[in-house]
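Okay, here's what each chain looks like letter by letter:
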Amino acid sequence: QVQLVESGGGLVQAGGSLRLSCVASGSMFSIGTMGWYRQAPGKQRELVAGITRGGSTDYADSVKGRFTVSRDDAKNTVYLQMNSLKPEDTAVYYCRAEAQTGQYYGWYQYWGQGTQVTVSS
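Structure report, in brief. Since this is a predicted model, take the numbers as computed values, not measurements.

## Structural notes on the nonpolar core
Stage number 1. Of all hydrophobic cores here, the largest spans 31 residues; its most connected members are W36, L80, M82 and Y93.
Stage number 2. At the level of secondary structure, the elements contributing two or more residues to this core comprise β1 (2–7), β3 (18–26), β4 (30–39), β5 (46–51), β7 (67–72), β8 (77–82), β9 (91–100) and β11 (115–120).
Stage number 3. Of all the elements, β9 adds the most residues to this core, at five residues.
Stage number 4. The contact partners of Y93, leaving out residues within four places of it in the chain, are E6, L20, W36, Y37, R38, V48, F67, L80, M82, G114, T115 and V117.

## What to know about unusual backbone geometry
Stage number 1. A positive phi angle, close to 50 degrees, is found at N76, a residue other than glycine.
Stage number 2. Of the residues examined, N76 reaches a relative accessible area of 26% and is grouped as partly exposed.
Stage number 3. Although it is not a glycine, S84 sits at a positive phi angle of roughly 50 degrees.
Stage number 4. Tracing the backbone shows S84 in the loop between β8 and β9.
Stage number 5. Owing to a relative accessible area of 41%, S84 belongs among the partly exposed residues under this scheme.

## Quick notes on the packing of aromatic side chains
Stage number 1. According to the stated counting rule, one finds one aromatic pair in the structure shown.
Stage number 2. Geometry around Y94 places R45 over its ring, the cationic atom sitting 3.7 Å from the centre.
Stage number 3. A cation over an aromatic ring shows up here: R45 above the ring of W111, its NZ or CZ 4.7 Å from the ring centre.

## Looking at the sheet that holds β7
Stage number 1. Strand order in this open sheet of four strands is β1-β3-β8-β7, and the pairing throughout is antiparallel. Bordering the open sheet on either side are β1 and β7, each of which pairs with just one other strand. Between one strand axis and the next, the sheet turns by 15 degrees as a mean value, whatever way the strands run.
Stage number 2. Note: β1 against β3, six bridges, orientation antiparallel. Bridging from a neighbouring strand, V5 pairs with V23 of β3.

## Section: the side chain of R96
Stage number 1. Considering the arrangement of structural elements, one finds R96 in strand β9.
Stage number 2. In this structure R96 comes out as buried when scored by relative accessible area, which is 13%.
Stage number 3. A polar side-chain atom of R96 sits 2.7 Å from a polar atom in the side chain of Q109.

About the cut-offs
- Residues numbered from 1 in each chain as written.
- Predicted model: local features only at pLDDT ≥ 70, side-chain atom pairs only at ≥ 80, totals over all residues.
- Heavy atoms only, no water.
- Core = buried A, V, L, I, M, F, W, Y, C linked by side-chain atoms within 4.5 Å.
- Buried < 20%, exposed > 50% of the residue type's maximum accessible area, 1.4 Å probe, protein only.
- Helix = DSSP H or I, 4+ residues; strand = E, 2+ residues; numbered from the N terminus.
- Contact = heavy atoms within 4.5 Å.
- Phe/Tyr/Trp six-rings, centres within 6.5 Å; stacked < 30°, edge-to-face > 60°.
- Lys NZ or Arg CZ within 6 Å of the ring centre and 35° of its normal.
- Pairing = 2+ DSSP bridges.
- Axes fitted to C-alpha atoms, helices over the stretch in contact; angles between N-to-C directions.
- Polar contact = N/O pair within 3.5 Å; in protein donor to acceptor, adjacent residues only side chain to side chain.

Treat this as a map of the structure, not an account of what it does.
Okay, here's the thing in structure tokens:
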């Protein structure tokens, strides 16, 4: 099994910054694409940013130029640097990772428990 644990959420004023971290642990052979999703009250979960093993990134239009996703494979960690935060960024942020638990096993996706980000106006 693979466990993902997020940290770094909190309350911040509009225009401020936060840095989220997500550490993967457990029986991992390889980790593939990692990313961040968010879900605001009454809304569907949406992709915020993703990063492949090769370092290619993808962002939601609403966060381009403000958020930066990165990863440290030596630490099995993915980060989300969030700058110029807006009240509409308020949501629970979830980490997601694709991983293999063995060399000849399939790829499965795993989710963290989520971390709350609240941006006050």
